[in-house]
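In case you want the letters, here they are:
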Amino acid sequence: MQRWVSGHPQESGGWALAHYRQSFLADANGLLFPREWLRRQELPLLAEQPLGWFEGQPVHLFELDRPVEMPGCSWQGLRQFLMGAEQDTFRMLGYATQIGTWLRQHRFCGSCGGRMQATAGERMMHCPNCDLQHYPRLSPSMIVLITRGDEILLARSERFPPGMYSTLAGFVEPGESVEQCVHREVQEEVGLQVRDLQYVGSQGWPFPHSLMLGFHARYESGDIVPEPGEIEDARWFSPDQLPMLPPPRSISRYLIDLYLARRSGLPDPVLPD
Ligand SMILES: NC(=O)C1=CN([C@@H]2O[C@H](COP(=O)(O)OP(=O)(O)OC[C@H]3O[C@@H](n4cnc5c(N)ncnc54)[C@H](O)[C@@H]3O)[C@@H](O)[C@H]2O)C=CC1
Ligand SMILES: [Mg+2]
Ligand SMILES: [Zn+2]
(Lines give C-alpha, C1' and ligand atoms only; values in the text may rest on other atoms or scores of the structure.)
(Ligands and ions follow the chains in the order given, each with its own letter.)
Protein backbone atom coordinates (compact mmCIF):
# COMPACT_ATOMS: atom_id res chain seq x y z
CA MET A 1 0.00 0.00 0.00
CA GLN A 2 1.21 3.50 -0.78
CA ARG A 3 1.92 5.56 2.32
CA TRP A 4 1.75 8.86 0.44
CA VAL A 5 -1.36 9.99 -1.49
CA SER A 6 -1.68 13.52 -2.91
CA GLY A 7 -4.94 15.43 -2.62
CA HIS A 8 -6.81 18.18 -0.76
CA PRO A 9 -7.42 17.17 2.86
CA GLN A 10 -10.10 19.31 4.55
CA GLU A 11 -9.64 18.04 8.10
CA SER A 12 -7.84 20.19 10.69
CA GLY A 13 -4.63 19.13 12.42
CA GLY A 14 -2.24 16.63 10.91
CA TRP A 15 1.26 17.41 9.71
CA ALA A 16 2.95 20.31 7.97
CA LEU A 17 6.11 20.61 5.87
CA ALA A 18 7.93 23.96 5.95
CA HIS A 19 9.55 24.52 2.55
CA TYR A 20 11.83 27.13 1.01
CA ARG A 21 13.55 26.72 -2.38
CA GLN A 22 13.91 22.93 -2.51
CA SER A 23 14.80 22.73 1.20
CA PHE A 24 12.77 21.58 4.18
CA LEU A 25 12.85 22.54 7.84
CA ALA A 26 13.85 19.53 9.95
CA ASP A 27 14.20 18.77 13.65
CA ALA A 28 15.25 15.60 15.48
CA ASN A 29 11.90 13.96 14.59
CA GLY A 30 12.22 14.65 10.89
CA LEU A 31 10.46 16.95 8.45
CA LEU A 32 6.82 16.51 9.45
CA PHE A 33 5.81 18.97 12.19
CA PRO A 34 2.42 19.01 13.95
CA ARG A 35 0.55 21.54 11.84
CA GLU A 36 -1.10 23.50 14.68
CA TRP A 37 2.21 23.75 16.52
CA LEU A 38 4.03 24.97 13.43
CA ARG A 39 1.34 27.56 12.82
CA ARG A 40 1.91 29.00 16.32
CA GLN A 41 5.58 29.61 15.46
CA GLU A 42 4.41 32.53 13.29
CA LEU A 43 6.74 31.71 10.42
CA PRO A 44 6.97 34.13 7.46
CA LEU A 45 4.35 32.33 5.40
CA LEU A 46 4.08 32.93 1.67
CA ALA A 47 1.28 30.41 1.21
CA GLU A 48 -0.30 27.39 2.85
CA GLN A 49 -1.75 24.60 0.77
CA PRO A 50 -3.11 21.10 1.49
CA LEU A 51 -0.87 18.48 -0.13
CA GLY A 52 -2.30 15.05 0.66
CA TRP A 53 -2.10 12.29 3.25
CA PHE A 54 0.91 10.50 4.69
CA GLU A 55 -0.08 7.25 6.41
CA GLY A 56 -3.66 8.54 6.51
CA GLN A 57 -2.78 11.83 8.20
CA PRO A 58 -3.35 15.14 6.40
CA VAL A 59 -0.20 16.96 5.27
CA HIS A 60 -0.10 20.69 4.48
CA LEU A 61 2.64 22.73 2.88
CA PHE A 62 3.89 25.92 4.53
CA GLU A 63 5.73 27.76 1.76
CA LEU A 64 8.00 30.26 3.48
CA ASP A 65 9.22 33.66 2.41
CA ARG A 66 12.72 33.10 3.78
CA PRO A 67 14.68 30.31 5.52
CA VAL A 68 14.07 31.09 9.21
CA GLU A 69 16.37 29.82 11.96
CA MET A 70 14.63 27.85 14.71
CA PRO A 71 16.18 26.29 17.82
CA GLY A 72 16.99 22.61 17.27
CA CYS A 73 16.12 22.83 13.56
CA SER A 74 18.10 22.83 10.33
CA TRP A 75 17.33 23.15 6.62
CA GLN A 76 17.77 20.05 4.47
CA GLY A 77 17.84 20.07 0.67
CA LEU A 78 15.67 17.69 -1.35
CA ARG A 79 18.75 16.12 -2.96
CA GLN A 80 19.82 14.77 0.44
CA PHE A 81 16.71 12.56 0.41
CA LEU A 82 17.35 11.16 -3.05
CA MET A 83 19.67 8.52 -1.64
CA GLY A 84 18.51 8.00 1.94
CA ALA A 85 14.73 8.38 2.24
CA GLU A 86 12.35 5.55 1.41
CA GLN A 87 10.33 5.87 -1.78
CA ASP A 88 7.03 7.23 -0.41
CA THR A 89 8.79 9.90 1.67
CA PHE A 90 10.77 10.97 -1.38
CA ARG A 91 7.58 11.08 -3.48
CA MET A 92 5.92 13.29 -0.86
CA LEU A 93 8.90 15.65 -0.65
CA GLY A 94 9.27 15.81 -4.43
CA TYR A 95 5.59 16.70 -4.74
CA ALA A 96 5.81 19.31 -1.94
CA THR A 97 8.83 20.94 -3.56
CA GLN A 98 7.12 21.21 -6.95
CA ILE A 99 3.92 22.66 -5.47
CA GLY A 100 5.93 25.09 -3.31
CA THR A 101 8.01 26.27 -6.27
CA TRP A 102 4.89 26.73 -8.37
CA LEU A 103 3.11 28.72 -5.62
CA ARG A 104 6.15 30.95 -5.18
CA GLN A 105 6.52 31.58 -8.90
CA HIS A 106 2.84 32.28 -9.60
CA ARG A 107 2.01 34.84 -6.96
CA PHE A 108 1.34 37.43 -9.64
CA CYS A 109 -0.46 37.10 -12.95
CA GLY A 110 1.93 36.92 -15.90
CA SER A 111 -0.67 38.60 -18.09
CA CYS A 112 -2.06 41.56 -16.09
CA GLY A 113 0.22 41.65 -13.05
CA GLY A 114 -2.65 41.17 -10.55
CA ARG A 115 -2.32 39.01 -7.47
CA MET A 116 -3.15 35.35 -8.12
CA GLN A 117 -5.37 33.33 -5.79
CA ALA A 118 -5.17 29.65 -4.93
CA THR A 119 -8.34 27.72 -5.81
CA ALA A 120 -9.84 25.57 -3.06
CA GLY A 121 -9.97 21.86 -3.82
CA GLU A 122 -7.94 22.15 -7.02
CA ARG A 123 -4.25 22.59 -7.85
CA MET A 124 -4.80 25.85 -9.70
CA MET A 125 -3.86 29.51 -9.32
CA HIS A 126 -6.42 31.95 -10.67
CA CYS A 127 -6.28 35.66 -11.52
CA PRO A 128 -9.56 37.27 -10.38
CA ASN A 129 -8.80 40.30 -12.55
CA CYS A 130 -8.31 38.71 -15.99
CA ASP A 131 -9.34 35.10 -15.32
CA LEU A 132 -5.95 33.57 -16.23
CA GLN A 133 -5.43 30.10 -14.81
CA HIS A 134 -2.13 28.46 -13.91
CA TYR A 135 -1.62 24.79 -13.16
CA PRO A 136 1.61 23.33 -11.73
CA ARG A 137 4.36 23.49 -14.30
CA LEU A 138 5.82 20.32 -15.80
CA SER A 139 8.70 20.18 -18.27
CA PRO A 140 8.75 17.07 -20.47
CA SER A 141 12.31 15.87 -21.05
CA MET A 142 13.74 12.93 -22.94
CA ILE A 143 16.44 10.70 -21.47
CA VAL A 144 18.18 8.06 -23.57
CA LEU A 145 20.66 5.21 -23.24
CA ILE A 146 22.51 4.71 -26.53
CA THR A 147 24.15 1.36 -27.25
CA ARG A 148 26.74 0.37 -29.87
CA GLY A 149 27.27 -3.36 -29.94
CA ASP A 150 28.07 -4.15 -26.35
CA GLU A 151 29.10 -0.63 -25.37
CA ILE A 152 26.97 2.13 -23.90
CA LEU A 153 27.32 5.88 -24.30
CA LEU A 154 27.57 7.86 -21.07
CA ALA A 155 28.40 11.51 -20.60
CA ARG A 156 29.02 13.97 -17.83
CA SER A 157 28.32 17.64 -17.27
CA GLU A 158 30.57 19.74 -15.08
CA ARG A 159 27.63 20.05 -12.64
CA PHE A 160 27.88 16.30 -11.82
CA PRO A 161 29.79 14.92 -8.82
CA PRO A 162 33.40 14.09 -9.84
CA GLY A 163 33.64 10.80 -11.75
CA MET A 164 29.91 10.32 -12.35
CA TYR A 165 28.62 9.65 -15.87
CA SER A 166 24.97 9.52 -16.93
CA THR A 167 22.71 9.02 -19.94
CA LEU A 168 21.89 11.98 -22.21
CA ALA A 169 18.89 14.12 -21.28
CA GLY A 170 17.22 17.27 -22.58
CA PHE A 171 14.03 19.31 -22.54
CA VAL A 172 11.36 18.91 -25.22
CA GLU A 173 10.87 22.06 -27.29
CA PRO A 174 7.50 23.42 -28.46
CA GLY A 175 6.22 21.67 -31.57
CA GLU A 176 8.45 18.60 -31.47
CA SER A 177 7.64 15.02 -30.55
CA VAL A 178 9.63 13.34 -27.80
CA GLU A 179 11.25 11.17 -30.50
CA GLN A 180 12.33 14.26 -32.44
CA CYS A 181 13.69 15.65 -29.20
CA VAL A 182 15.83 12.51 -28.72
CA HIS A 183 17.35 12.87 -32.20
CA ARG A 184 17.95 16.62 -31.78
CA GLU A 185 19.44 16.45 -28.29
CA VAL A 186 21.73 13.52 -29.16
CA GLN A 187 22.92 15.42 -32.23
CA GLU A 188 23.45 18.63 -30.22
CA GLU A 189 25.11 17.11 -27.16
CA VAL A 190 27.38 14.49 -28.74
CA GLY A 191 27.05 14.88 -32.53
CA LEU A 192 25.75 11.33 -33.13
CA GLN A 193 22.84 9.86 -35.09
CA VAL A 194 20.72 7.14 -33.49
CA ARG A 195 18.03 4.69 -34.66
CA ASP A 196 15.60 2.08 -33.27
CA LEU A 197 14.20 4.29 -30.50
CA GLN A 198 12.40 2.22 -27.92
CA TYR A 199 10.27 3.91 -25.25
CA VAL A 200 11.03 2.32 -21.88
CA GLY A 201 9.15 4.28 -19.19
CA SER A 202 8.75 7.60 -17.44
CA GLN A 203 9.48 9.28 -14.14
CA GLY A 204 8.49 12.54 -12.49
CA TRP A 205 11.70 14.34 -11.48
CA PRO A 206 11.39 17.26 -9.04
CA PHE A 207 14.67 19.03 -9.97
CA PRO A 208 12.87 21.32 -10.58
CA HIS A 209 9.79 20.04 -12.47
CA SER A 210 10.70 17.57 -15.20
CA LEU A 211 8.74 14.65 -16.53
CA MET A 212 11.41 12.26 -17.77
CA LEU A 213 10.51 10.09 -20.80
CA GLY A 214 13.06 7.29 -21.02
CA PHE A 215 14.33 5.55 -24.18
CA HIS A 216 16.81 3.00 -25.39
CA ALA A 217 18.36 3.71 -28.81
CA ARG A 218 21.05 2.23 -31.06
CA TYR A 219 24.00 4.07 -32.47
CA GLU A 220 23.75 4.73 -36.19
CA SER A 221 26.59 7.03 -37.24
CA GLY A 222 28.96 9.84 -36.34
CA ASP A 223 31.90 10.50 -34.02
CA ILE A 224 31.48 11.88 -30.53
CA VAL A 225 31.73 15.68 -30.41
CA PRO A 226 30.84 16.92 -26.89
CA GLU A 227 28.77 20.11 -26.88
CA PRO A 228 30.85 22.94 -25.37
CA GLY A 229 29.45 24.25 -22.09
CA GLU A 230 26.97 21.36 -21.76
CA ILE A 231 28.95 18.09 -22.01
CA GLU A 232 32.31 17.91 -20.28
CA ASP A 233 33.07 14.39 -21.51
CA ALA A 234 31.25 11.61 -23.37
CA ARG A 235 32.53 8.08 -24.04
CA TRP A 236 31.63 4.55 -25.00
CA PHE A 237 31.88 2.30 -21.95
CA SER A 238 32.15 -1.45 -21.91
CA PRO A 239 29.66 -3.06 -19.45
CA ASP A 240 32.49 -4.52 -17.37
CA GLN A 241 34.28 -1.17 -17.01
CA LEU A 242 31.59 1.28 -15.98
CA PRO A 243 32.25 4.58 -14.22
CA MET A 244 30.34 5.87 -11.19
CA LEU A 245 26.65 5.84 -12.17
CA PRO A 246 23.64 8.00 -11.15
CA PRO A 247 21.72 7.05 -7.96
CA PRO A 248 19.51 3.93 -8.08
CA ARG A 249 16.26 5.90 -7.82
CA SER A 250 16.85 7.80 -11.08
CA ILE A 251 15.48 6.71 -14.44
CA SER A 252 18.95 7.29 -15.83
CA ARG A 253 20.26 4.47 -13.65
CA TYR A 254 17.22 2.37 -14.49
CA LEU A 255 17.87 2.66 -18.24
CA ILE A 256 21.43 1.41 -17.63
CA ASP A 257 20.42 -1.34 -15.19
CA LEU A 258 17.68 -2.54 -17.53
CA TYR A 259 20.13 -2.83 -20.42
CA LEU A 260 22.66 -4.69 -18.26
CA ALA A 261 20.02 -7.07 -16.86
CA ARG A 262 18.67 -7.97 -20.30
CA ARG A 263 22.16 -8.45 -21.67
CA SER A 264 22.86 -10.96 -18.87
CA GLY A 265 19.50 -12.70 -19.20
CA LEU A 266 18.40 -11.50 -15.76
CA PRO A 267 14.85 -10.34 -14.89
CA ASP A 268 14.04 -6.68 -15.63
CA PRO A 269 14.66 -4.35 -12.66
CA VAL A 270 11.73 -2.28 -11.39
CA LEU A 271 11.55 1.47 -11.96
CA PRO A 272 10.57 3.18 -8.68
CA ASP A 273 7.27 5.03 -9.14
N1 LIG B 1 15.94 11.46 -13.41
C2 LIG B 1 17.07 11.31 -14.08
O3 LIG B 1 17.61 10.21 -14.17
C4 LIG B 1 17.70 12.49 -14.77
C5 LIG B 1 17.01 13.68 -14.89
N6 LIG B 1 17.55 14.74 -15.59
C7 LIG B 1 16.75 15.96 -15.71
O8 LIG B 1 16.42 16.15 -17.07
C9 LIG B 1 16.19 17.52 -17.30
C10 LIG B 1 16.81 17.93 -18.62
O11 LIG B 1 18.19 17.62 -18.65
P12 LIG B 1 19.31 18.69 -19.09
O13 LIG B 1 20.42 17.91 -19.68
O14 LIG B 1 19.60 19.57 -17.93
O15 LIG B 1 18.55 19.55 -20.22
P16 LIG B 1 19.10 20.19 -21.60
O17 LIG B 1 20.09 19.26 -22.23
O18 LIG B 1 17.88 20.55 -22.42
O19 LIG B 1 19.92 21.48 -21.24
C20 LIG B 1 19.73 22.27 -20.09
C21 LIG B 1 19.52 23.70 -20.52
O22 LIG B 1 18.22 23.84 -21.05
C23 LIG B 1 17.66 25.10 -20.67
N24 LIG B 1 16.42 24.87 -19.91
C25 LIG B 1 16.24 24.87 -18.57
N26 LIG B 1 14.95 24.61 -18.25
C27 LIG B 1 14.30 24.44 -19.42
C28 LIG B 1 12.95 24.12 -19.74
N29 LIG B 1 12.02 23.92 -18.78
N30 LIG B 1 12.63 23.97 -21.03
C31 LIG B 1 13.57 24.15 -22.00
N32 LIG B 1 14.87 24.44 -21.75
C33 LIG B 1 15.23 24.59 -20.47
C34 LIG B 1 18.70 25.81 -19.88
O35 LIG B 1 19.41 26.64 -20.75
C36 LIG B 1 19.59 24.69 -19.37
O37 LIG B 1 20.90 25.10 -19.13
C38 LIG B 1 16.69 18.26 -16.07
O39 LIG B 1 15.57 18.66 -15.31
C40 LIG B 1 17.48 17.22 -15.30
O41 LIG B 1 17.40 17.41 -13.90
C42 LIG B 1 18.76 14.64 -16.21
C43 LIG B 1 19.49 13.48 -16.11
C44 LIG B 1 19.05 12.35 -15.34
MG1 LIG C 1 21.23 17.73 -21.55
ZN1 LIG D 1 -4.43 38.56 -14.66
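In every chain, residue numbers begin from 1 and rise along the written sequence. Chains carry letters and ligands carry numbers; both start at the beginning, A for chains and 1 for ligands, and go up in the order they are written. Thresholds applied to this predicted model are a pLDDT of at least 70 for local features of residues and 80 or more for the giving and counting of side-chain atom pairs; totals over whole chains, interfaces and linings are not thresholded and use all residues. By convention in this description, side-chain values take in all heavy atoms of the structure and omit both hydrogens and water.

Participant: Provide a residue-level description of the coordination of the magnesium ion (ligand 2), including the pertinent values.
Facilitator: Any N, O or S atom lying within 2.8 Å of the metal counts as a donor, with the limit raised to 3.2 Å for Na, K and Ca; because water is left out of the atom set, some sites can appear incomplete. Surrounding the magnesium ion (ligand 2) are the protein donor atoms Ala169 (O) and Glu189 (OE), which sit 2.1 to 2.2 Å from the metal. Taken together, the residues Ala169 in strand 13 (residues 168–171) and Glu189 in helix 4 (residues 178–190) connect sequence positions 20 residues apart. Look at Ala169 and you get partly exposed, because its relative accessible area is 30%. Strands here mean DSSP runs of E at least two residues long; helices mean DSSP runs of H or I at least four residues long; both are numbered from the N terminus. Residue burial is assigned from relative accessible area. The probe radius is 1.4 Å, only protein chains are included, and a residue is buried under 20% of its type maximum, exposed over 50%, and partly exposed in between.

Participant: How would you summarise the site of ligand 1 if you had to cite specific residues and measurements?
Facilitator: Around ligand 1 lies a shell of 19 residues, among which Phe171, Glu189, Trp205, Ser210 and Ser252 are the nearest. Here a polar contact means two N or O atoms within 3.5 Å. Within protein one must be a hydrogen donor candidate and the other an acceptor candidate, and residues neighboring in sequence count only if both atoms are side-chain atoms. Here an oxygen atom of ligand 1 and a side-chain polar atom of Glu230 are 3.3 Å apart. Between ligand 1 and Ser252 there is a distance of 2.9 Å, counted from an oxygen atom to a backbone nitrogen or oxygen. Here the Shrake-Rupley method, with its probe set to 1.4 Å, supplies the accessible areas, and only the displayed protein chains count as covering residues. Burial of ligand 1 by the protein amounts to 66% of the accessible area it has alone, namely 850 Å². When contributions to the shell around ligand 1 are tallied by element, the ones reaching two or more residues are strand 11 (139–148), strand 13, helix 4, strand 14 (193–205), strand 15 (210–221) and helix 5 (251–263). Any residue with a heavy atom lying within 4 Å of a molecule or strand is counted as near it.

Participant: Go over the UniProt feature "domain: Nudix hydrolase" (unreviewed entry) in the chain, please, and point to the residues and values.
Facilitator: UniProt feature "domain: Nudix hydrolase" (unreviewed entry): in the numbering of this structure it lies at residues 136–259. Its end C-alpha atoms 33 Å apart, residues 136–259 is made of 18% helix and 40% strand. UniProt positions are given in the numbering used here, feature names are shortened, and annotations may be inferred rather than shown by experiment.

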